[in-house]
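Descriptive structure summary
Letter by letter, the chains look like this.
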Amino acid sequence: MAAQHVPATPDNFNVWFVYSMGVPSDLQRAIDILIGNKRKFDATVNRDLFSTYVAAPDGSAASLASRQLHSVMDAAQIFLATAIADNHAQMRAIHDVADQGQAGSDPKLLVKQLMSELAKAAGRATKLEASFADKTRELEAIRENLSKSEERAMTDTLTGLPNRRALEEFFRKAQITAMEKGEPLSLLMLDIDHFKKFNDNFGHGVGDQVLRLMAQVLRDKVREVDLPARYGGEELIAVLPGADLSAATVIAERVRRAIAECQITRRSTGETLPSITVSIGAAQFQPGETMNELVERCDRALYLAKRNGRNRVIAETELDREIAAV
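Computed from a predicted model, the values in this text were never measured in an experiment.

Helices and strands together make up the secondary structure of the chain, namely 11 helices and seven strands. Summing over all exposed atoms, the chain offers an accessible surface of approximately 18,400 Å²; the carbon and sulfur share of this is 54%.

Okay, structure coming up:
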């Protein structure tokens with residue numbers, strides 16, 4: 001921390017302590033890359049490292065699953081202890097039969113006793129197997145519920161797209177891959193033109209229908225390796241691993257044209273509504289920068305598209321030209 005001039009705050013100590021432990025490995029890789037790129041650990045970088053890798057997320061679903069798993073494990077321990085005790089009892093009973101045989105007891109009686117003990121052992125084993133089968137099914141149900149909870153926690157309920165949490169997790173991995181392999185990584189940000197006016201004229205229910213339609217178009221027009229997500233409000237976003245700014249602009253144009261060609265019909269009346277357009281900003285990741293910095297640059301390109309007439313794609317290179325023109 002001293003070598004990188006990181007301020008001695010509790011959150012920063014937490015980050016660097018976790019880094020020194022090597023878990024999670026993503027944090028170790030991220031910091032090593034930042035150091036390798038001689039990135040300054042300023043307030044923004046330090047805050048992002050803490051919130052992304054160290055701060056505890058909402059753990060309600062995880063907490064419930066943890067309690068359920070502890071219950072199953074406690075039951076399993078009881079079963080195991082019972083099995084061990086039963087095994088010891090069975091071994092003692094068999095030894096007793098063997099001792100009686102050496103003492104000259106009636107062979108028929110000894111065989112009868114031995115068969116009885118074996119029957120008891122088989123019964124106990126069957127009961128134990130059934131109990132473990134029940135707990136196995138319970139574990140499967142817990143695993144399924146936890147998987148569904150995690151999926152819900154990562155999905156925007158209106159559009160069905162990944163939400164901000166899923167976006168940040170995906171971007172973190174894409175960011176590390178881009179820096180390790182020297183591959184490009186780009187971002188698109190979309191905003192529906194005059195959406196407030198559309199909502200005022202036709203109602204929020206129709207507005208929600210439009211948002212779902214835009215989300216579906218975005219999902220269909222990006223590549224399989226990309227992540228389309230809802231950023232907030234009427235803003236959608238797409239992370240494009242392996243795409244440079246030129247490729248990102250091509251994808252953005254494909255999305256823009258598809259949305260402009262959509263025909264929107266009000267479900268309740270069958271009325272055809274005015275067409276919707278979007279403005280799109282595109283920016284390419286610079287090694288070492290945070291997601292917030294990339295989003296901020298992409299957002300500036302988006303609003304330049306709006307100022308220049310809407311229904312268009314503006315790449316971040318246009319920002320420099322605008323400054324030069326001023």
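Read on for the rest.
Here Arg256 is to be found in helix α9 (residues 245-260). Setting aside anything within four residues of it in sequence, one finds Arg256 in contact with Val278, Ile280, Asn311, Arg312 and Val313.

A few words on the packing of aromatic side chains. Following the criterion strictly, the structure yields four aromatic pairs and no others. Here the aromatic rings of Phe171 and Phe285 are separated by 6.1 Å at their centres, their planes lie at 85°, and the arrangement is edge-to-face. One end of the pair, Phe171, is in helix α6 (residues 164-181); the other, Phe285, is in the loop between β6 (278-284) and α10 (291-307), and 114 residues separate them in sequence. Phe285 matches Phe171 in its accessibility class, with the two residues each being buried. Ring centres of Phe198 and Phe202 lie 4.9 Å apart, and the angle between their planes is 45°; this geometry places the pair in the tilted category. With Phe198 and Phe202 both in helix α7 (residues 195-202) and four residues apart, this pair spans about one turn of that helix. Taken together, the aromatic side chains of Trp16, Tyr19 and Phe41 make up a single cluster linked through ring pairs.

Turning next to the nonpolar core. Counting 37 residues, the largest nonpolar core has Val15, Leu27, Ile31, Phe41, Leu49, Leu167 and Ile237 as its most contacted members. Looking at this core, the elements with two or more residues in it are α1 (10-21), α2 (25-36), α3 (43-54), α6, β1 (185-192), β2 (227-232), β3 (235-241) and α10. If one sorts the elements of this core by residue count, α6 sits on top with six residues. Ala238, Leu273, Ile280 and Ala315 belong to the second-largest nonpolar core, a separate cluster that totals 36 residues.

Each regular strand shows side chains that alternate between the opposite faces of the sheet. Of all seven residues in β6, six are buried; the element is thus mostly enclosed. Where β1 and β6 come together, seven bridges link them in antiparallel fashion. Paired with Leu188 across the two strands is Ala282, which belongs to β6. Pairing of β6 with strand β7 (residues 313-315) involves three bridges; the strand directions are parallel.

Quick look at the pattern of salt bridges now. Pairing between side chains becomes possible if they bear opposite charge and their charged atoms approach one another. Going through the model one piece at a time under the given rule, you end up with 13 salt bridges. We note a salt bridge from Arg297 to Glu316, for which the minimum N-O separation is 2.3 Å. Remark: Glu316 occurs in the loop between β7 and α11 (317-325) and Arg297 occurs in helix α10; sequence separation between them is 19 residues. An identical accessibility class is assigned to Arg297 and Glu316; each is buried. Each member of the salt-bridge network shares a partner with another, and the members are Asp191, Asp193 and Lys306.

What follows is about the sheet that holds β7. Read from one edge of the open sheet, five strands run β2-β3-β1-β6-β7, paired in mixed fashion. Strand pairing shows two members of the sheet lacking a second neighbour, β2 and β7, which therefore form its edges. When strand polarity is set aside, the average angle formed by the axes of neighbouring strands in this sheet is 20°. Examined bridge by bridge, β1 and β3 share seven bridges and lie antiparallel to one another. Counted as the bridge partner of Leu188 is Ala238 from β3.

This part takes up α6. Helix length check: α6 (18 residues) gives 25 Å between terminal C-alpha atoms against 26 Å at 1.5 Å per residue, within 8%. All of the buried residues in α6 are Ala166, Leu167, Phe171, Arg172, Ala174, Gln175, Ile176, Ala178 and Met179. Elements that come into contact with the buried residues of α6 comprise α2, α3, β1, β2, β3 and α10. Its side-chain oxygen at 3.2 Å from the backbone nitrogen of Arg165, Asn163 defines the N-terminal cap of α6.

So, on to α10. For α10, with 17 residues, the first-to-last C-alpha span of 24 Å sits near the 24 Å given by 1.5 Å per residue. Along α10, the residues classified as buried are Met291, Leu294, Val295, Arg297, Cys298, Ala301, Leu302, Leu304, Ala305 and Lys306.

Approximately 340 Å³ is the volume found for the largest pocket. Considering the residues around the largest pocket, the lining is formed by 20 residues, among which Asp48, Thr52, Gln175, Thr290 and Met291 are closest to the centre. For the lining of the largest pocket, the secondary-structure elements that each account for two or more residues are α2, α3, α6 and α10. Considering only residue class, the lining of the largest pocket consists of 10 nonpolar, six polar and four charged.

Attention now goes to the pairing of β3. The buried count for β3 comes to six of seven residues, which makes it a mostly enclosed element. Between β2 and the antiparallel strand that follows it, β3, lie two residues; Gly233 among them carries a positive phi value of about 60°.

Glancing now at unusual backbone geometry. In this structure, His194 takes a positive phi of about 55° despite not being glycine. Structurally, the position occupied by His194 is in the loop between β1 and α7.

Conventions and cut-offs
- Residues numbered from 1 in each chain as written.
- Predicted model: local features only at pLDDT ≥ 70, side-chain atom pairs only at ≥ 80, totals over all residues.
- Heavy atoms only, no water.
- Helix = DSSP H or I, 4+ residues; strand = E, 2+ residues; numbered from the N terminus.
- Areas by Shrake-Rupley, 256 points an atom, 1.4 Å probe, with all protein chains shown as cover.
- Contact = heavy atoms within 4.5 Å.
- Phe/Tyr/Trp six-rings, centres within 6.5 Å; stacked < 30°, edge-to-face > 60°.
- Buried < 20%, exposed > 50% of the residue type's maximum accessible area, 1.4 Å probe, protein only.
- Core = buried A, V, L, I, M, F, W, Y, C linked by side-chain atoms within 4.5 Å.
- Pairing = 2+ DSSP bridges.
- Salt bridge = Lys/Arg side-chain N within 4 Å of Asp/Glu carboxyl O.
- Axes fitted to C-alpha atoms, helices over the stretch in contact; angles between N-to-C directions.
- Expected span 1.5 Å × (residues − 1).
- Polar contact = N/O pair within 3.5 Å; in protein donor to acceptor, adjacent residues only side chain to side chain.
- 1 Å grid on protein atoms, 1.4 Å probe; cavity = no way out; pocket = protein on both sides within 12 Å on 5 of 7 lines; lining within 4 Å.
- Points joined across faces, edges and corners; volume = space filled by probe spheres on them.
- Nonpolar A, V, L, I, M, F, W, Y, C, P; charged D, E, K, R; others polar.

Spatial relationships are all this shows, so hold off on functional conclusions.
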